[in-house]
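Read off the chains here:
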Amino acid sequence: MLTTRIIPCLDVKDGRIVKGVRFQNLRDAGSPTEQARLYETQGADEIVLLDVAATPDGRSTQLDIVASVRVALSIPLTVGGGVRRVEDASALLDAGADKVAVNSAAVRNPELVQRLSERFGRQCVVVAIDARRSPDARSWEVVIQSGSQACDLDALEWAKRAGELGAGEILLTSWDRDGVGEGYDIELIRAVRKVVNVPIIASGGAADPEDMKQAIDAGADAVLAASIFHDGRFSVREVKAHLAGRRVEVRLS
Amino acid sequence: MPGDSLTVTVVPTGVANLASIVTALRRLGTEVAMSVNPVEIGAASHVVLPGVGSYAAGIRYLDDHDLRGALVERIEADRPTLAVCLGMQMLSRGSEEAPGAAGLGVMNARATRFPGTVRVPQLGWNRVAVGEGATDAAPHCRFVCESGYAYYANSYRLVERPGDGWSCAMSDYAGPFVACAERGSVLACQFHPELSGVWGMALIERWLRLAQTGKEAPTC
């Protein structure tokens, strides 16, 4: 049986891990290579590395970090941030990423998802969606550019479309919950689960392992968290022990 | 560590991400060479056939480089060969993914798509069960000699065991499928051993060592 993945997320800026609240007020949280290695030894199932300040100028720095994290790991590595063209994805894969996450560029140019999927295979393509609750609280809109820009696109429609275009999985982040520690947006996960058949990685809001259990029950195939791991509140091992005790199938080593 | 001077030849099948497998092999102390030359691949001591991407593109790549004969020959001659993911499927007769593309045919099975009752692709860690359902006709696996969790990223898989002396370990996703198959010095994995943590690294290391030294007993 396929196990539920526990995925620490490294948000990287200028070569260091950073973490903020709703993508703002970033604070330093360590070296990506050292933290990635630590999380693997704790039992992480995968590492996601997002370059939150990826720019064309920063491209070579980003590739160096990916290469050095790759050498430290023997588990899968997903990398995102500033992927605008097929060539950007290709460079990340060559540097050592196993999967590539696309966000803003895919919203602006959905065909990018299709091209990536055709070129590298669906299993290589993660579409990252940052979803914000609309003022009426009954739907979610997609935000891009690290949450700074709303784009009048319904998150459920975009998730469904992304799956049709060739996304291998959806990295679903609740903008409202990011870094806040109030639990994942369970209704969002449940709603997206109904419209896609590819795996969903739930992201944004985890404060403790029980939040992850709720996200899994709502239909997440993997749960991603940053702050609770970086701050040392819980190790990956502790999270997995809790989930195993709650009858979630996890990989215990 | 397996032999200090061992060189492993990796076939860079088109679109595959090679960094992870190359990194894993180097970490185990081997030299890594890349080659699409059929003569070099025929002569190499250890060959890795990775594979990510579509079946049709993978087979076309092998045929464009005239590698079909060299690969079939070394597998039939029991030369150390490791096929990963799409690489394993390419050893079979073919795939539902590309009905017109003939596989190498050294494994008598055919890849089919997971049903829509499960999420496709299968992305994540699944249990590899060793020894269950093994019969006297199918000797126990030498390389995959302990059960564990392996990382998968696939939409297609082999459901039938290939027979012909291949020993299989199985995983379950919408029913049993072939997790890996081995015969002599040849190991084919549907999962990615290079991304399967400590368990996967130990597997690659056993293949490097046992495939090189012949029939010695497994050490785990």
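Residues numbered from 1 in each chain as written. Chains lettered and ligands numbered in written order. Predicted model: local features only at pLDDT ≥ 70, side-chain atom pairs only at ≥ 80, totals over all residues. Heavy atoms only, no water.

Enquirer: Account for the overall build of chain B, with residues named and values stated.
Expert: Broken down by element type, chain B carries 6 helices and 12 strands. Sorting the 220 residues of chain B into buried and exposed places 60% on the buried side. Here the contacts in chain B between residues at least 6 apart in sequence split such that 69% fall between residues at least 24 apart. Total accessible area computed for chain B in this model is approximately 7,900 Å², and 51% of it derives from carbon and sulfur atoms. (Helix = DSSP H or I, 4+ residues; strand = E, 2+ residues; numbered from the N terminus. Buried < 20%, exposed > 50% of the residue type's maximum accessible area, 1.4 Å probe, protein only. Contact = heavy atoms within 4.5 Å. Areas by Shrake-Rupley, 256 points an atom, 1.4 Å probe, with all protein chains shown as cover.)

Enquirer: Quick one: what's the story with the side chain of Ser-235 of chain A, residue by residue and with numbers?
Expert: Inspection of the secondary structure assignment puts Ser-235 of chain A in the loop between helix H9 (227-230) and helix H10 (236-245). If we skip the residues at most four places from it in the chain, Ser-235 of chain A touches Gln-42 and Phe-229 of chain A.

Enquirer: Describe in detail the environment of Glu-111 of chain A, supporting the description with residues and values.
Expert: Residue and element names in this part refer to chain A. Position of Glu-111 relative to the elements: it lies in helix H5 (residues 111-120). What makes Glu-111 partly exposed here is its relative accessible area of 46%. As a C-alpha pair, Glu-111 and Val-21 span 90 residues in sequence and 31 Å in three-dimensional space.

Enquirer: Talk me through the sheet that holds strand E9 (residues 156-158) of chain B; I want residue IDs and the actual numbers.
Expert: Residues and elements named next belong to chain B. Taking strand neighbours across the sheet as the criterion, the 3 strands line up as E5-E6-E9 in an open arrangement whose pairing is mixed. Strands with a single pairing partner mark the edges of an open sheet, and in this sheet they are strand E5 (94-95) and E9. By the bridge criterion, 2 bridges tie E5 to strand E6 (residues 110-113) in an arrangement that is parallel. Looking at the pairing, Ser-95 lines up with Ala-111 of E6. (Pairing = 2+ DSSP bridges.)

Enquirer: Provide a residue-level description of the interface of chain B and chain A, including the pertinent values.
Expert: The partner chain A presents 37 residues to the 30 residues of chain B that form the contact. Both sides together, the interface formed by chain B and chain A hides about 2,500 Å², and carbon and sulfur atoms give 56% of it. Contact with chain A buries surface across chain B, with Arg-119, Leu-123 and Trp-125 of chain B losing the most and accounting together for 29% of the total. Scanning the region where chain B abuts chain A turns up 1 salt bridge. (Buried area = accessible area lost by both parts, 1.4 Å probe. Salt bridge = Lys/Arg side-chain N within 4 Å of Asp/Glu carboxyl O.)

Enquirer: Describe the packing of helix H6 (residues 155-165) of chain A against helix H7 (residues 186-195) of chain A, and please don't skip the residues or the numbers.
Expert: Residues and elements named next belong to chain A. Two elements in contact, H6 and H7, have axes separated by 9 Å at closest approach and are oriented at 40°. When the interaxial angle is binned, H6 and H7 end up oblique. The hand of the H6/H7 crossing is right-handed. Side by side, H6 and H7 meet where Leu-156, Ala-159 and Lys-160 of the first sit next to Ala-191, Val-192 and Val-195 of the second. Of the residues assigned to the contact of H6 with H7, the class counts are 5 nonpolar, no polar and 1 charged. (Axes fitted to C-alpha atoms, helices over the stretch in contact; angles between N-to-C directions. Parallel < 35°, antiparallel > 145°, perpendicular 65-115°, else oblique. Left-handed = near helix turned anticlockwise from the far one by under 90°. Nonpolar A, V, L, I, M, F, W, Y, C, P; charged D, E, K, R; others polar.)

Enquirer: Can you explain the pairing of strand E3 (residues 46-49) of chain B? Please cite residues and give values.
Expert: Residues and elements named next belong to chain B. The alternating pattern of E3 places His-46 and Val-48 on one face and Val-47 and Leu-49 on the opposite face, and all of these are buried. Examined bridge by bridge, strand E1 (residues 7-10) and E3 share 3 bridges and lie parallel to one another. If you follow Val-10 over to E3, its bridge partner there is Val-48. Relative to strand E4 (residues 81-84), E3 is paired through 3 bridges, and the arrangement is parallel. Across the sheet, residue Val-47 finds its bridge partner in E4, namely Thr-81.

Enquirer: Before we move on, could you go through the packing of aromatic side chains and cite the residues and values that matter?
Expert: All names here are of chain B. Tallied over the full model, the rule gives 7 aromatic pairs over all chains. Ring plane angle 70° and centroid distance 5.3 Å describe the contact between Tyr-152 and Phe-177, whose orientation is recorded as edge-to-face. Of the two residues, Tyr-152 sits in strand E8 (residues 148-154) while Phe-177 sits in strand E11 (residues 176-183), which places them 25 residues apart along the sequence. Taken individually, Tyr-152 and Phe-177 each receive the classification buried, so the pair is uniform in this respect. An aromatic cluster of at least three residues, connected via ring pairs, comprises Phe-114, Tyr-152, Tyr-173, Phe-177, Phe-191 and Trp-199. (Phe/Tyr/Trp six-rings, centres within 6.5 Å; stacked < 30°, edge-to-face > 60°.)

Enquirer: Which residues make up unusual backbone geometry, and what are the values?
Expert: The amide bond that connects Val-120 of chain B to the next residue, Pro-121 of chain B, takes the cis arrangement and shows omega of 5°. The topology assignment puts Pro-121 of chain B in the loop between E6 and strand E7 (122-128). Even without being glycine, Asp-152 of chain A reaches a positive phi, approximately 50°. The exposed category is assigned to Asp-152 of chain A, whose relative accessible area is 76%.

Everything listed here is a matter of geometry and, on its own, says nothing about what the molecule does.
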